[in-house]
Every structure is written in structure tokens, then in C-alpha cells.
Number of protein chains: 8
Amino acid sequence: MLFEKNDFILFTGDSVTDADRKHPIGEGLWQGVGNGFVRYIDSLLNAFYPELNLRISNTGCSGNTTRHLRERWERDMLNFKPDYLCVCIGINDVWRQFDEPSLTYDHVSPEEYRENLDYMLESAKKAVKKDIVVMSPYYMEPLKKDMMRARMDEYGAICKELAEKYGTKFVDLQKVFDDYLKVRHSSYITWDRIHPSGTGCVLIAKAFFKALGISLKLK
Amino acid sequence: MLFEKNDFILFTGDSVTDADRKHPIGEGLWQGVGNGFVRYIDSLLNAFYPELNLRISNTGCSGNTTRHLRERWERDMLNFKPDYLCVCIGINDVWRQFDEPSLTYDHVSPEEYRENLDYMLESAKKAVKKDIVVMSPYYMEPLKKDMMRARMDEYGAICKELAEKYGTKFVDLQKVFDDYLKVRHSSYITWDRIHPSGTGCVLIAKAFFKALGISLKLK
Amino acid sequence: MLFEKNDFILFTGDSVTDADRKHPIGEGLWQGVGNGFVRYIDSLLNAFYPELNLRISNTGCSGNTTRHLRERWERDMLNFKPDYLCVCIGINDVWRQFDEPSLTYDHVSPEEYRENLDYMLESAKKAVKKDIVVMSPYYMEPLKKDMMRARMDEYGAICKELAEKYGTKFVDLQKVFDDYLKVRHSSYITWDRIHPSGTGCVLIAKAFFKALGISLKLK
Amino acid sequence: MLFEKNDFILFTGDSVTDADRKHPIGEGLWQGVGNGFVRYIDSLLNAFYPELNLRISNTGCSGNTTRHLRERWERDMLNFKPDYLCVCIGINDVWRQFDEPSLTYDHVSPEEYRENLDYMLESAKKAVKKDIVVMSPYYMEPLKKDMMRARMDEYGAICKELAEKYGTKFVDLQKVFDDYLKVRHSSYITWDRIHPSGTGCVLIAKAFFKALGISLKLK
Amino acid sequence: MLFEKNDFILFTGDSVTDADRKHPIGEGLWQGVGNGFVRYIDSLLNAFYPELNLRISNTGCSGNTTRHLRERWERDMLNFKPDYLCVCIGINDVWRQFDEPSLTYDHVSPEEYRENLDYMLESAKKAVKKDIVVMSPYYMEPLKKDMMRARMDEYGAICKELAEKYGTKFVDLQKVFDDYLKVRHSSYITWDRIHPSGTGCVLIAKAFFKALGISLKLK
Amino acid sequence: MLFEKNDFILFTGDSVTDADRKHPIGEGLWQGVGNGFVRYIDSLLNAFYPELNLRISNTGCSGNTTRHLRERWERDMLNFKPDYLCVCIGINDVWRQFDEPSLTYDHVSPEEYRENLDYMLESAKKAVKKDIVVMSPYYMEPLKKDMMRARMDEYGAICKELAEKYGTKFVDLQKVFDDYLKVRHSSYITWDRIHPSGTGCVLIAKAFFKALGISLKLK
Amino acid sequence: MLFEKNDFILFTGDSVTDADRKHPIGEGLWQGVGNGFVRYIDSLLNAFYPELNLRISNTGCSGNTTRHLRERWERDMLNFKPDYLCVCIGINDVWRQFDEPSLTYDHVSPEEYRENLDYMLESAKKAVKKDIVVMSPYYMEPLKKDMMRARMDEYGAICKELAEKYGTKFVDLQKVFDDYLKVRHSSYITWDRIHPSGTGCVLIAKAFFKALGISLKLK
Amino acid sequence: MLFEKNDFILFTGDSVTDADRKHPIGEGLWQGVGNGFVRYIDSLLNAFYPELNLRISNTGCSGNTTRHLRERWERDMLNFKPDYLCVCIGINDVWRQFDEPSLTYDHVSPEEYRENLDYMLESAKKAVKKDIVVMSPYYMEPLKKDMMRARMDEYGAICKELAEKYGTKFVDLQKVFDDYLKVRHSSYITWDRIHPSGTGCVLIAKAFFKALGISLKLK
């Protein structure tokens, strides 16, 4: 598969997506899409397929849980009516349970996570013209006994389940990183097991292209 | 072809290579290799081939002509005895003739360019263990009648000639950009026809991999 | 011709005019008119003709297309009822088509450009007391085969046509720069082929004076 | 046990000790001892035992391995001839092997670690008047199968062995954190599994006091 | 006594409490509770009793007198309905009488102090679920003949009287510091006899724990 | 008495004198003399007696004890051979004993204070052409039972004794502040009982003029 | 004469008064009154007469003409109902005619100056409880043939006339500076012939005290 | 007259020339020549005569008197062996006598001024290949009775005398400004009667061109 001329691809989510993008819309000149994985996808697509003239935009927001994203879903997603949507959300739903364990008002339970994501995917299904890529939340920790990793897996399962329910593409980012971490230690691609370095961004980009069946041969 | 385990690849040149790298050596954590094309090469190689454990270093310096690079060749290139060397130099040799036309003491003539590059490649030939990639200087201006483009072509020819003399790999960056600029205008990938955006960096990275016959399939 | 005592000359347009001027009105002490060509015109007029006591003001805004300028036309132009108006607008109408090709919502077509400029000149014709100088949009690229230059020429032609329709003075800045670029390369007077250096500012100032038939003999 | 009047306690090591201390010596007013665990120890001791008038100094340096510390051992430790020395070193000896795996020139092997530490403890034994506290390097990762944790345990064992050889007090910081991480997840007390939050600093301080048999009853 | 699982402890007051906390609520990661005595209490409690998962929050505001605190009492205290409240207020009620003697509109008289504190404690009594700790205002000046110290004692007496009236815990911070200042001079723990250094913060924390009968054995 | 035309008055000492003066010599335009009491003296003298054309210079250095001042006495005092010298030194000799009690290497004993000051006054006696004003160290604490005040009085006595021995003018700054603090509290004119506010600076200036018998009638 | 206990003295005007004061009201700690002549008056009065406990406040605003001051007269003067008012306004009414000659909308004519000042003094007469000091606008240029000086004299005359009409104290600042400039050149006390250095501030303070008959004997 | 191809024109002097130029040599891109009159000359010459390819360099230094300039004459002037030299020096020789009247060690007497300038012009005569333009020191004060103006006239006369002695071109900048100040007040083109605004820079540039007989017709 390949994108078609003038396709509009919207990325949204939390700080992993945001990565210091331009506000209110992360697009255009001077690193408008931010410095994260969206930049790598943008640079690769525009280097390989300039004739497609793709619009690539980023409305990720640092710190967002599904609760926050749902609140701004109308403004920052539905209204755009993009051809493609790529969303990665849920990491903070879990993280806050571990790094701010007593601030329970900020914790998003699996039930609420499911409900928020269900709401967002259902409405996205109507607003997005061509396809949706749902990326699982992840924790760059390969040992499944880790408390936070175990919890993240619960959310990842819900995420996958809903992706299937709505027939979207699904990227299992947790698996992507698990495979990589068999060779390199997590401290090589991230300082906090969440935010990816340039190498981590390429891993996400690669998985994104694979999910959509897009081929970029660097040779 | 593919790099071998623990290979040491050194990039050097001017601001296109430098791209705000760490000093004195551009390598390691926190974007040590800078934000330019070396970062893309580094991220791609480490994402695709982590088991190779490549050392990728950058000693490019903003504003350098061949005259400057030759002066620090011992310290910043020969001493490292890398397995691979990738050098892109000559843009400023030409540029100063056009943006500072009356400061002739800073201009590097084709003759001096040839001599400097010859000296550097000859000595590199002995110090570099495996292979050398010479990248041509370029100007992101597809119209050959442009004064500076025409001049850059002269230097590019010398560069190619010397690459052949010493049997190094050669990347014709000018051609890479010429091809791209058939589709997109130069203002899309650069603000000054020299410094590449993320997309421009991918184009250089792609050409680098192709020159060495390295395959990275993003699918 | 010469300005008369107390004449009020208003400059407006995009970043070429703006040049870091004071807000909300670019005038008065401490470089209120900015650091661009308006500063040169201001300095020259006040050095040569202090007895005229001219009010020279700047309401240019960086990034503006005709669409943006039209929106603030009432507030930033008509309300002032100046004696003279000098407007240079249209560069961004074209530029965005090349540096952000997929963000089509920001592109101003030749039709819209014509309509916007027609609206502005018609209303200006009534509000401006003495004369109007329309400066053509330009691209400091002498080769007409350049994609963006070719597009700019289309807009320049519309600009000229409307200047004639409304009987205003017209400055063909494209020609001014074309002539200059026969001798010096564009990288000497601009880093992005749009924003002029001090020398570029003098070229604009000179053309402005010539259009109005104002004589400043520097000897 | 308790310190005696005017005792001089010197802390040294890497960034965990340093914590933005004053240079060249980390002591005195305005947070001279830095913002890390040394500050907590300093504040607690001076609150509980002001009459002892203890001199508490910090010569830790961010990024130090045993190789760096050994180089400045004369200047920053031996010369002071303190009554007590507390040293925590070795984390970076291990960390660099994982976060910069290809920069092998910066890696300190177990053999070199042993040699460096042996040299330092032997000479310290003569220079320190009363007692020495050696704190083990640690990684705030409770799962022993983690690659870096496993490696850290090797170094920790050497550290313990040398502490015993020289009859110093020994603090098993790895165990301190292991115990804590049974209740809270590592993301609560650190963002990178190395640098402790305020809570982490108290855990270190508590272990330090326990090792020396110093009692501070907060009630 | 000991806190129970999930207890919510709210600290409020003036700059001594505030200490550069996060706004609007001082809690959570990255030193959200500020750098003052609340940080020490937070670090100690979370190091000793992680299983309690206490929520510790700070709504102190620099410069506040009881008049200011009363105005924001609803928003910043009552609404939270915490399990425990710790309030230290009144220092600025007195200080302004001495450092800005002629700005009488900012002075809070003993009568108003009593009324403000009475109002706050009465309403707190209903809103706070478990217990209240009232900390006396203080001046780190051991000589009672000092004008400001004498005045502070008047307010301290009112504070104590009201604490008794409402049956809250009471911490006589003045006494805490008086005792300490028998050994060290005030210039050791404060530069202005109000804001405590790290050591001063530990003294407050210690008194807080003692008032509630909480035991933290640092050994 | 009054200064004579072209007299050169040199002030030196610690941070009270320094007050952010210009380096290496605190004199001339743009607040070269700093923002402390020297500025007040300078402004007053130049407003009242412009015809005297006095050179007023400041070589005070923040943090200096007599030990530091003695080291730079040759360079920053003797070499200037001023007509008048005004020196205020000793505060830090005492302060360090109280705010950094365990850093004894920085403490200057009364014996050393006497020796340092004796050395400086003896040599000054020969180098200074007209007269010397010695200002006592002080502590803006009126209660003599205060530990640091008591200690300061010891040094003040030595200072006075040496002033008498060398027949210099003597300003008892301690008494100046004692008198003032009968009316206003110390927190009005200083935040740390050392550094004077504008009002405190006027008090010093007034005492300086009185000591020399200089009359400035502000009416 | 002397102020009475608790008198409230309000200073207002333009940048000469403002001098970087605190907003919204320039009073209280940390140089609240700014760094100009009000600071000198404040420091002197509080040093000489602390027992009077005077409230000294500053509501001057940089760049103000009488037109601006009149607009905020209610809020920044009348509402305060001070015991004494000191106002110096009019410099910018004149200055703008010379430094921005063509921006006539900012020029305040002598007629408008008279009307504005008349309005302000009449209303002040009722609101101010004890006395009013009107300071003349001035230009630190002793030669009366200077264009701007001549114009300033016109406004000064109006100012004096209105001060007499309303029976206020009048300070002829122009004369104060004229006298001083017989000895020193203007470049000594000001860089623009408007803003006074510390010495210039003392000259204003001295004139203020003299006008009110207040005696401060600096001896 | 007109410059010839590749002529090298060197400007040197004090802050009027310097105007924030690049160091060590003020030339080349990004406003290397500074923001003062040299920039105007540079912009005008390069706009009018690009084919001449003039090298225009600036070695002016802020605060310089002839004494300072003489010290660096070898390094910053003679060594360059320019075709043309333009020097404007002497303003600070005079200024310091008025703004720092008591710092006599910084004052340069007419005798020393003559000697310094004589030395510089004599040596320049040999080193400069084509012609020298000497610009008189000036004070933008038209009234000759002004103390500093009168003094400046003395130095201007010496300057003129030496220019004649060595047969250089001479620009009477004092007269240039005197003429201008008949129409506009000095506060329009300078804030301190020394540093020119853009308009003032044009006046200097105009005089420079006139002295050399260079014609630039702005029409």
C-alpha cells in the first residue's frame, strides 16, 4: 500500500507524540511536527515520496491521559477529518499510578481507559476517511514482572481489543521495544523507559510503516 | 554489504555534518552526534542493527573549508584511525566566493581545493582501516546556470576525480538533490540552499547507505 | 517631485516591511520603523530633508499574505488616512505553496490574490490622500525557470495590472533584484532569497525614491 | 556511636553525591553541599547535634567513574585528611557499558574497577583518621535479570569484598533500594533508576546512619 | 500514632510553607511540594512508610498574612477536605509592622489575627477529617527583648490559645528554635531570622512528627 | 573641614563597601562606585561641592576578611596613594564563625584580626597623604547578649584601639546603628543585619561626614 | 517645618520620578520607591527622622505627559488622599516635540499643558491634606538659546503660574540645574539631559527639602 | 572619483565607528561591519557599485581615545595596508574631561592628542596605498558656548591642521552636524550628543562620499 496524493495524516497522543511540536497545530516549517517519531516519519515520507505531497500534522500533548485527550478530541482530532489517524495514548493513564501513587484523582482505571478509548475510536471511525493506526501504550521494560510493565500490559490488551473491535490497524509498540531490548539495554534508547531517543523513534516509525504496509527501501 | 561488529565510523566536514554536535568529539548520549544527517544515520543504523554495536562519531566543524579541515586533520581524523570515514567538504570553499566576494583571503581556489583534498585523502587512505566515503559538495539549486551552482560543479568534479584516484566510495550529493528538486522546490528542504531539513538529511543518509551497499528495509 | 511638509507616509506589508518594527505602530524613536528597508528610507529622508518633518510609519507584519493583510486593512491602513501609502504584499501568498506545499489552507491562489489586492487598492484609493506606491512581490532568484520564481512572476503580473487599474505608482522590485543579481550572487544580499541585507534594503529604497521621482544626491 | 566534636566528614563519588554542589569544595552556606543525599545528612546531623559542630564536605563529581575519581584522589580526598570518608563510586563504570555501548574507551571493566577501588581504599585507609563508609554502586531496578542490574551486582560484589579487605563500614545501597522497591515502583523515587528523589536521598541517609550506628529519633 | 493508608495531609501558610512549590497545587513529581520543610516531611514519610501511600500537598503562598489566607481559605483549604491539616500562619502579620512600618494598611493587628485564625480554625474543624496541627508563628531570635520577637510572642500566644480552643495539635515553633539557638547562632540556620535552611526545615519536621506522635527512627 | 580640590578618596573593605561596584576599580560613570554607601557619599559630595572635583574610588570586595584584604592591600590600596582612605573591615572575620562554624580555616581570630589590621594601618599611614577613616565592623543587632554581636564588639574594640594607635579618624558604626535601632527594628534597614538598605547607607554616610567634620546642609 | 508622625507623601510624574519603581504602587521593601530621586528622599528622611514613620510612595510612570497623568489622576493620585503631594510633570510634553517631531498626535501644546495641569492641581488641592510641591519641568541644558530649552522654559513658566494660582510650593528645578551646570558639564550628571545620575537626584532632593523648609544637617 | 575594483577601505576609531561590529575584524556577513555609519556606507556602496567588489572593514573600538588607538595602531591599522583609511578619533579624548572630570589619568590633553594623531597619520601615510579620510571629532551641540563643544573645537582644529599637514582628505563632521541642527534638535538624531541614529549615520556617510568626490544618485 502507499498513501495517495494529498493525503492528510494526523498524529495525536501524549508527550511521545508531542515532542515539542508547534502549537496549536504541529505542522509545517521549522520542525512544526516536533522532534519525536513524527519527525522521522515526516522526514522519511517526504524524502521518499515527495510527489505525494502529504500533510502530516501532530496534535499530541505532553502529560495527556485518555481523559485529557477525550476532552479535546473534537477540537484536535474530529474537526480535522483527516484521511489517516495515528493515535498512541494510555501511557500516562498507567504511569501516574506509579510515579504519583497517592494522587489518585489523576489515575485512569482500566475501565475508564476502555471507555475513553472506545468513545474516541468510535467517533474517529466516522471522521477519519481512510484508515486508523492505533499504537499500544508501552513501557520500555522487557521484564514482565515489573509492576508498571504488568499494568501497562493490561492497558495494552484493552487497546488491542478495541483496535480489533473497530477494525483499525494496530501497532504493538510493546512488542517492538521488547524485541529491541533483547539486544540493547533500555538505558540506550531512553532515560525514563518512556521517551524514545532518535533510535527509539526510528523503531516506532518502522512499525508504523509496517502496519500500513508501506515500503521504504533505504538502498 | 554490512558493517561488522564494533566498526567505528567517523564523519567529518563542515556545518552540514556538524549540526550542533558535542565537542570535542560528537558522539554518545544526548544527541552527541548533532541534529543533522549523522543523527539520522546513527538512529537508523542503531535501530536496524543494534547487535553491530557501531561507534558513530562526528568531528564536523561549522564554517570549515578544506583549508580549515586540513589544519585539524591530524587531530580530528587521522588520530582516530576509524574503520570507515565519511567526509563532505568544499561547500564553504565555494560559498565564501559568493557571499563574501571581497574577502578573498577566505576563498579557496579550485587548485587549493584539489591540493587540500588530495592531501587529506592520501593520508586518510593509510589511516582508515576499511573504507572511505567521499561526499561531493553541493548546492541545492537545480539550475546549472546559477553562478554558485556552476562553481560548485567545478569543485564537485575535482572531488569526484580525487575519490576515483584514491579508490574511495563516492556520493554525488549534487545529483541526489537535483533529483529531489525536480519534485519539490528547494525552499521546502532548506532555507539557504545548503543546510538540509530533516527530509534533506534523510536524502543524504539514503545516499550514504546506497554508496556502501547497506540495506535497511523499512517494512 | 518632493514630499511636502508634514506628509504622512505609511508602509505596510509582510516581514520584508516589518523587520522587527515597534508594535502596534512602527514609528518614532529607538528604531520604531524596524531594521529593514523602511529604516533606510526613513534615515535618508530625514537626513536630506529634515525641514519636511515627515511622519514615516510601518505596519508590516511578518508572515502576512494578502489574506492576512486584508483582514487588518481597516485597522492598520485605512484608519490612518496617510498622505502616501507604500505596500509590498504577495510574497507569502506564493512562498507557502513551495515551502509548505501540503498546507493548502494557507495558500493564496492568483485569483484570491487578485481579489484581495483589488479590494485593498480600491479602498486605499479613497483613503490615501496623495499617492500610492505598489511594490511587486519578488524572489531574489534571477533564473526564470525556477519554479517559485515563475509562480512569483504570475503574481507580479497581477500586481502590476492592478497598480495600473488604480493608477498607482508601481515598483518592479523583481526587476530591481534581477538587475543586481547579474553582478552579485543572491547569497550576497539574502540568505533565503526573500529577506534583504542592508545592501538589499538600499536597492528597495532607491527604487522607491525613483518611482516617486524623489532626488537624493549623495555628493 | 556518635561523631565527636569538630569531626570532619568527607563525601565523594559521582553525580549521586555531587548533586549540584559548590566548587571547588562542596560545603558551607547556600546549599554548598548540593541538593542530594549529602544535604539530607547535613541537615539531619546539624539539626540533631548542633553542639558537635561537624564539618561536612562534598567532593563528588558528576559523570565520574573510578578512573576519574582515582585521578583526582590526591587533590579531592587524601589532602583533606578527614576524620570520616564516605565514598560511593562505580555506577558510571557500569552505566557507560549500557548507555554508550560502543564507546568502549569509557568503559571500566570489573578488573579495573577492582584495581582503582583497591588503590583508593588502601591510600584512604592511611589518610582517613577515624572511619570509612563504602557505599555500593546500585541500580534502582529490583529485577536481577535486568542486564545492567546483573552487571552492577558484579561490581557491588567487588565493592563489598574490598570494603571487607580494608575493614571499612559497608552500605549495601542495592539492598536498601531493593527493599524499598518491593512497595513502590522505581518511577516514584527516580526518573532514570540512578538519581534519587528526596525520598531516595532519605533512604541513603538512613543507611549511612545505620552503618555508623548513629541514632536520630524523629520523635 | 501513625497515619493510615491513603491519608491526605495538607500544609498551608506563608512563604515558609510555600518554598517555591508547584501551582495551583503543590504536590506530585519534580519537587511539587517545594523545597522547604514540607519537602523534608514528604521525603521522610515516603522513605519510612511507603506502604501508607500518603497524599501530601502544599498550598502555602509567599507573603501571606492571615488576611490573605482567609480570603483563599475556601479554595485552597476547605474544598480539599483533607484528613490532616497543618497550618503555620501569622509571621507576616507581625513582620510587616517592622519592615514596612508606615504601610499600615498591610498590618494585621492581634485582634484581626485572632479573628482570622478563629474563623479559619472553626471552619477547618468541620472540613478536616482527622486532625489539625497548628504551628505557631516564630522569629528566629532568642532574645525576647527584641521588638519583633516580643510582638511575635503576642501572636504566638493567641495562636496557642486558639489551638486549645479548637482542640488541635499545637507546635510551638518558637520554642523549637529558641532551644536550637542556644547552641548555634541564628545566622547559621537562616539569613533573615524567618526562612529556615535545610537544618531549620528538619527542626520543623521533627516538631511536626513529635506533635502527632509519629516515630521515625533513623537507625 | 572640607576636602580640597582634586582630593582622591579611596574606600575599601568588604561587601558593604563593594555593593556591586565596577572592576577592577570602582569609579566613574554608570554607578562605577556601586550601589552602597559609597554611592551616597559620592552623590552627596558631588552635588554639594562640584567645584572640588573629588576622585572617589571603591576597591571593596564581597566576602573579604582582613586576611583577604591584606593580601591585596598593595595592589588595591597602597599603590593608589590616595589623599584619604576609608576602610571598613572585620565583619566577615566574625560572621564566618557563626554562619559557617565548622569551616574553621575561614575564621579570623581576634589576634589575627589585630595583626592584619595593624599591618594595614601602619602601611596605610605612610601611603595615605592626608587622613584615614577607620570604620568599625558592626552587627545591626542592638542586643549585646546576642552571641555574634558580643563577638563583633571584641573586634570593634580592637579596631578602635588600632585607630587610636595610628591616630586615624574612627567611626563607631556599631553605635550609629545601635542608636537607630532604638527607633526602628533591624528588619527595616537590613535583611541580614549586615547589608544596609538605602536608609542604612545614609546613616553610614552621615557618620563618615561627621568624622571628618564635613558639613552638608540639606536646606 | 518638619513632617508630622505618619504623614503620607506621594510622588508622581514621569520617568524621572518612576525610576523603575514597584507596580502598582511604588513603596515598601526592596527599593519599592525606585532608584531615582524619590529613593534619595526616602533614604534621607528615614535615616534622619525614623520616629516620624513616614509613608513615602511613588506613582510616577515612564513616558508620561500631562495627558497621560491626567487620565490616571483619579486612580494614582486623588484616591490616595495623601498628606503631601509632589508632582513633576511636563518634560515629555515638550520632549516629544523635539525627538519625535512628526508624531504630532503625541505633542502636548502649552494650552493643553496648562489645562491638564490646572485640572490636576485644582482637584489635588481638595484631595491633598497638607501641602503640594510642584516641581517645574526642566532640561539640563544651561544655554537658553537651545530650542528645546527655550520651549521647556515656556512650560516652566506655566507651571510656576499655576503653582502660584493654587498656592502650592514650587521648586524651580530648571534653576537648580542651571546653577549646577555652571560648574560641571551636563554630561556629568545625565546622559540625555533629562534623567539624573545619583548626584542629580541629590540636587532634586535638596531642592525638595528646601521648598518645604525641612532641615537635614549632615554633620 | 570612484573606487577601483577590489579596493580595500578600512574604517577605524571609537564607538561611533565600532557600533557593535564583529571581532576581531568587523567585516563580512551578518552585519560584520556593525550597525553604525559604516553599515550605511557599506550598504550604499554595495548597492550602487557591486562590480567594484570593495572590501570594507571596521576596526573601531568603543571607548577609545587616541591613546588607545595608538597602542593598537600596528595590529588594527598598519598591518592591513588598506587602499583607503577613514579614521574618526578624539571624541573620548574630550568627553572624559567632562563626564569623568576627576579621573584625570584618562584625560588626553590637546598636546597628547596632537602627538598621538600625528604619529598615527604619519605612519598611515606610508601604509595606506591610495587615500586617507580624517573625520573630525564632533559634539552634536550647535551652541559653541557649551563647555564641551568649545573644548571639542580645539581638538577639531588640531585634527584639521594635521589632516592638512599630511595632505589627507578632511571631513568636518562638526560642521555637518551644525548644519543639520539648525533644522532639527539634537535629541532627534542622538540621545547623548555623540552616538548618531540612522539619520545621523546617513549624514556621516554623505560627508564621507562628498570628501572623496563619490557620486551616488538616489534617483
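Each value, and the rule that gives it
- Residues numbered from 1 in each chain as written.
- Chains lettered and ligands numbered in written order.
- Predicted model: local features only at pLDDT ≥ 70, side-chain atom pairs only at ≥ 80, totals over all residues.
- Heavy atoms only, no water.
- Phe/Tyr/Trp six-rings, centres within 6.5 Å; stacked < 30°, edge-to-face > 60°.
- Helix = DSSP H or I, 4+ residues; strand = E, 2+ residues; numbered from the N terminus.
- Buried < 20%, exposed > 50% of the residue type's maximum accessible area, 1.4 Å probe, protein only.
- Lys NZ or Arg CZ within 6 Å of the ring centre and 35° of its normal.
- Pairing = 2+ DSSP bridges.
- Axes fitted to C-alpha atoms, helices over the stretch in contact; angles between N-to-C directions.

A. Structural context of the packing of aromatic side chains. This structure, assessed with the given rule, holds 76 aromatic pairs over all chains. Ring centres 5.3 Å apart and planes at 50° place the aromatic pair phenylalanine 11 of chain C and phenylalanine 208 of chain C in the tilted group. Taken as a pair, phenylalanine 11 of chain C in strand E1 (residues 8–13) and phenylalanine 208 of chain C in helix H10 (residues 198–212) lie far apart in primary sequence, 197 residues in all. Note on tyrosine 138 of chain G and phenylalanine 177 of chain G: the rings are 4.8 Å apart at their centroids and 40° apart in plane angle, and the pair reads as tilted. Placement of tyrosine 138 of chain G in the loop between strand E4 (131–135) and helix H7 (147–165) and of phenylalanine 177 of chain G in helix H8 (residues 173–180) is noted, with a sequence separation of 39 residues between them. Look at tyrosine 138 of chain G and you get buried, because its relative accessible area is 0%. Given a relative accessible area of 0%, phenylalanine 177 of chain G falls into the buried group. An aromatic cluster is built from Phe11, Phe37, Phe208 and Phe209 of chain A, whose rings are joined through pairwise contacts. Its guanidinium or amino end placed over the ring of phenylalanine 8 of chain E, arginine 55 of chain E lies 3.9 Å from that ring's centre, counting from NZ or CZ. The ring of phenylalanine 48 of chain D is capped by lysine 206 of chain E, whose NZ or CZ atom sits 4.2 Å from the centre of that ring.

B. Quick peek at the pairing of strand E3 (residues 84–88) of chain D. All names here are of chain D. In terms of residue burial, E3 counts as a mostly covered element, since 5 of its 5 residues are buried. Taking every second residue as pointing to the same face, both faces of E3 are buried, with Tyr84, Cys86 and Cys88 on one and Leu85 and Val87 on the other. As judged from the 5 bridges shared by strand E1 (residues 8–13) and E3, these two strands associate in the parallel manner. Along E3, the bridge assignment pairs glycine 13 with cysteine 88. When E3 meets strand E4 (residues 131–135), the two strands line up parallel, connected through 5 bridges. Its bridge partner being in E4, valine 87 is matched across the sheet by valine 134.

C. Region of the structure containing the sheet that holds strand E2 (residues 55–58) of chain A. Residues and elements named next belong to chain A. Strands sit in the order E2-E1-E3-E4-E5 across an open sheet of 5 strands; the sheet is parallel. In this open sheet, the two strands that pair with only one neighbour each are E2 and strand E5 (169–171). For this sheet, the mean inter-axis angle between neighbouring strands, taken without regard to orientation, is 15°. Pairing geometry for strand E4 (residues 131–135) and E5, over 3 bridges, is parallel. For valine 133, the partnering residue across the bridge sits in E5 and is lysine 169.

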